[in-house]
Amino acid sequence: MEMKAKNKKTALVLGGGGSRGAYEIGVWQALTELGIRIDMVYGTSVGAINAAMVAQGDLDLTTDLWKELETDTVFDMAPDSKPTDYVKEIVVNQGAGTGPLHGLLEKYVDEKKVRESGMDFGIVAFSPADLGKHFLRIDDIPEGKLVDFIMASASAFPALQAYEINGVSYIDGGYADVLPVGMAMEDGADEIIAVDLSGFGNVVKENLEKAENLVHIKSSENLGFEFIFDKQNTLRIMKLGYLDCLKAYGVLEGKEIAFAKGVFDKNTLKMADCLGDVLRIDNLIIYTEPVFMERITEVIDGDLESQEKLTQLAGLKSLKEIKEFLDKVDLKEGLKDANAEKLLCYGAAEDIKKNGKRSVFQSRTAMKLIPKIVNAAKFLVKYELI
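Residues numbered from 1 in each chain as written. Predicted model: local features only at pLDDT ≥ 70, side-chain atom pairs only at ≥ 80, totals over all residues. Heavy atoms only, no water.

When helices and strands are counted, the chain shows 18 helices and eleven strands. Here the chain, with 386 residues, has 52% of them falling under the buried criterion. Taking the contacts inside the chain whose residues are at least 6 apart along the sequence as the reference set, 69% of them involve residues at least 24 apart. Surface accessibility of the chain: about 18900 Å² in total, with carbon and sulfur atoms responsible for 51%. (Helix = DSSP H or I, 4+ residues; strand = E, 2+ residues; numbered from the N terminus. Buried < 20%, exposed > 50% of the residue type's maximum accessible area, 1.4 Å probe, protein only. Contact = heavy atoms within 4.5 Å. Areas by Shrake-Rupley, 256 points an atom, 1.4 Å probe, with all protein chains shown as cover.)

All told, the structure shown has zero disulfides when counted by the stated rule. With no disulfide of its own, Cys274 lies 9.3 Å from the sulfur of Cys345, the closest cysteine sulfur. Judged by relative accessible area, which is 13%, Cys274 ranks as buried. (Disulfide = S-S within 2.5 Å.)

The next point concerns the sheet that holds strand 2 (residues 40-44). One open sheet holds the six strands; their spatial order is 4-3-2-1-7-8, and the pairing between them is mixed. Strand pairing shows two members of the sheet lacking a second neighbour, strand 4 (132-137) and strand 8 (214-218), which therefore form its edges. In this sheet, neighbouring strand axes are inclined to one another by 15° on average, regardless of whether the strands run parallel or antiparallel. Of the strands in this sheet, strand 1 (10-14), strand 7 (191-196) and strand 8 are in contact with helix 1 (residues 22-33), which crosses strand 7 at around 145°. Strands strand 2, strand 3 (120-127) and strand 4 of the sheet are contacted by helix 8 (residues 146-153), whose axis makes an angle of about 55° with strand 3. (Pairing = 2+ DSSP bridges. Axes fitted to C-alpha atoms, helices over the stretch in contact; angles between N-to-C directions.)

This part covers empty space enclosed by the protein. Vacant regions in the atomic arrangement are exposed by a probe of water-molecule size rolled over the atoms. Tallied over the full model, the rule gives two cavities of 30 Å³ or more. Around the largest cavity, the lining is made up of 18 residues, and of these Gly18, Ser45, Val46, Ala154 and Leu160 lie nearest the centre. Across the lining of the largest cavity, the residue classes break down as twelve nonpolar, four polar and two charged. Taken as a whole, the second largest cavity holds about 70 Å³ of empty space. Lining the second largest cavity, in full, are Ser219, Ser220, Glu221, Leu240, Leu243, Asp244, Lys247, Lys255, Glu256 and Asn283. (1 Å grid on protein atoms, 1.4 Å probe; cavity = no way out; pocket = protein on both sides within 12 Å on 5 of 7 lines; lining within 4 Å. Points joined across faces, edges and corners; volume = space filled by probe spheres on them. Nonpolar A, V, L, I, M, F, W, Y, C, P; charged D, E, K, R; others polar.)

Let us look at the pattern of salt bridges. The final tally for this structure, using the stated rule, is 18 salt bridges. A salt bridge links Arg20 to Glu226; its shortest N-O distance comes to 4.0 Å. Note that Arg20 is positioned in the loop between strand 1 and helix 1 and Glu226 in the loop between strand 8 and helix 11 (231-248), a separation of 206 residues in sequence. There is no split in this pair, since Arg20 and Glu226 are both buried. Two residues, Asp187 and Arg137, come together in a salt bridge whose shortest N-O distance is 3.0 Å. Here Asp187, found in the loop between helix 9 (181-186) and strand 7, pairs with Arg137, found in strand 4; they are 50 residues apart in sequence, far enough to count as distant. Among the residues examined, Asp187 registers a relative accessible area of 25% and is labelled partly exposed. (Salt bridge = Lys/Arg side-chain N within 4 Å of Asp/Glu carboxyl O.)

For Lys247, the location among the structural elements is in helix 11. Beyond its immediate chain neighbours, meaning those up to four positions away, Lys247 contacts Leu252, Glu253, Gly254, Lys255, Glu256, Ile257 and Ala258.

Glancing now at the pairing of strand 3. With seven of eight residues buried, strand 3 lies mostly within the body of the structure. Bridge analysis of strand 2 against strand 3 gives five bridges, and the strand direction is parallel. In the sheet register, Tyr42 faces strand 3, and the bridge partner there is Gly122. What sits between strand 3 and strand 4 in their antiparallel hairpin is a turn of four residues, with Leu131 showing a positive phi close to 55°.

Right, let's get into the environment of His102. Structurally, His102 can be placed in helix 6 (residues 99-108). Judged by its relative accessible area of 22%, His102 falls in the partly exposed class. For His102, the contacting residues outside a window of four places in its chain are Val147, Asp148, Met151 and Tyr163.

So, on to unusual backbone geometry. In this model, Asn166 sits at a positive phi of 50°, which is unusual for a non-glycine residue. Asn166 gets classed as exposed once you look at its relative accessible area, which sits at 66%. Even without being a glycine, Asn213 presents a positive backbone phi close to 50°. Within the fold, Asn213 resides in the loop between helix 10 (205-210) and strand 8.

Let us now look at the packing of helix 3 (residues 59-68) against helix 6. Helix-helix packing: each pair is described by the crossing angle between the helix axes and the interaxial distance. Taken N-terminus to C-terminus, the directions of helix 3 and helix 6 make an angle of 165°; their axes are 11 Å apart at the nearest point. As judged from the angle between their axes, helix 3 and helix 6 are roughly antiparallel. The chirality of how helix 3 crosses helix 6 is right-handed. Residues Leu61, Asp64, Leu65 and Glu68 of helix 3 form the contact with helix 6, whose participating residues are Leu104, Lys107 and Tyr108. Grouping the amino acids of the contact of helix 3 with helix 6 by side-chain chemistry returns four nonpolar, no polar and three charged. (Parallel < 35°, antiparallel > 145°, perpendicular 65-115°, else oblique. Left-handed = near helix turned anticlockwise from the far one by under 90°.)

This part covers the confidence of the model for the chain. Summary statistics for the chain give a mean pLDDT of 88 and a share of 86% for residues scoring 70 or more. Low pLDDT (under 50) marks residues 1-5, which in the prediction has zero contacts with non-local residues, meaning those over four places away or in another chain. Note on residues 331-336: pLDDT under 50 across the span, and twelve contacts to partners over four residues away in sequence or across chains. (pLDDT = per-residue confidence, 0-100.)

Structure follows, in structure tokens:
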């Protein structure tokens, strides 16, 4: 008798991270376009909010929710609040209130749809009274209490007030597990897509190490301060999530910059990626070779005023001398400054072009200390752009 193959189950695990949660919606959009079916969804904190929306299956509705999320529509704070106001809320009221967020969740989360979705669904909360780690599946949550338990999962104490349900206080699920891959493993997921926001909380690293068929999606870019909700940043990081997911599945290439597949060979791609990052080109678009070359040429042409400094830089013989030079050109943050990175990249390219393998920038020390600069400079030399 022929046995039917077991239907494989794919789990989406959404990490905590406050306003960074928009990144997860971009990932979901890409997964939808790739035709990847989600059978199970788990989340912590903002990931719990997004998990409920994924279970409802309405991407457009979820996008509408995120377009409404501003700092004053999430917390009990005035629109013109300053960082000192947050500190005051923490000290005086034991965290900012989240009444507005509760109202939004009541508007957007349809508990009936979540329960009837057919998806395995779970969220994480934490009770400080008994140090209880609560890994809750939908059947563990009493009827009519889904929004309350999502709020409990997303109450990032001490920045936000604890959330009380039936006399029990809960704080952010991140105290238990900010990226609940373990729940997906326990429930028998065959493939796990974990979206990591680098948010506040406890990461259970052994689960990430043990998980088989794990697609771990994590931005290399700073996604912003967790407790500031801003519409512009929301749209930016949503697009980053979308692009990073396409990279994770091999549809696009690159780390910092998104390239259409096959634009460059592996080694040249690494150099191009570094150069795009050094020159701070727009990382929200997908580059073909002509578009990439046009954009970096525009940036380089606009930096011609640096040529005098480049001439001096090209004559320096050691990394120590180069660092001392950069410290003298009013670049207060050293190599962390965007202009300093560009200057050093151009100078490195000039030196490599002039001295070849004898260049200090071709040394193992240079590759160890400033690999991004060296790779970017090599691209400039290869394509005779400087």
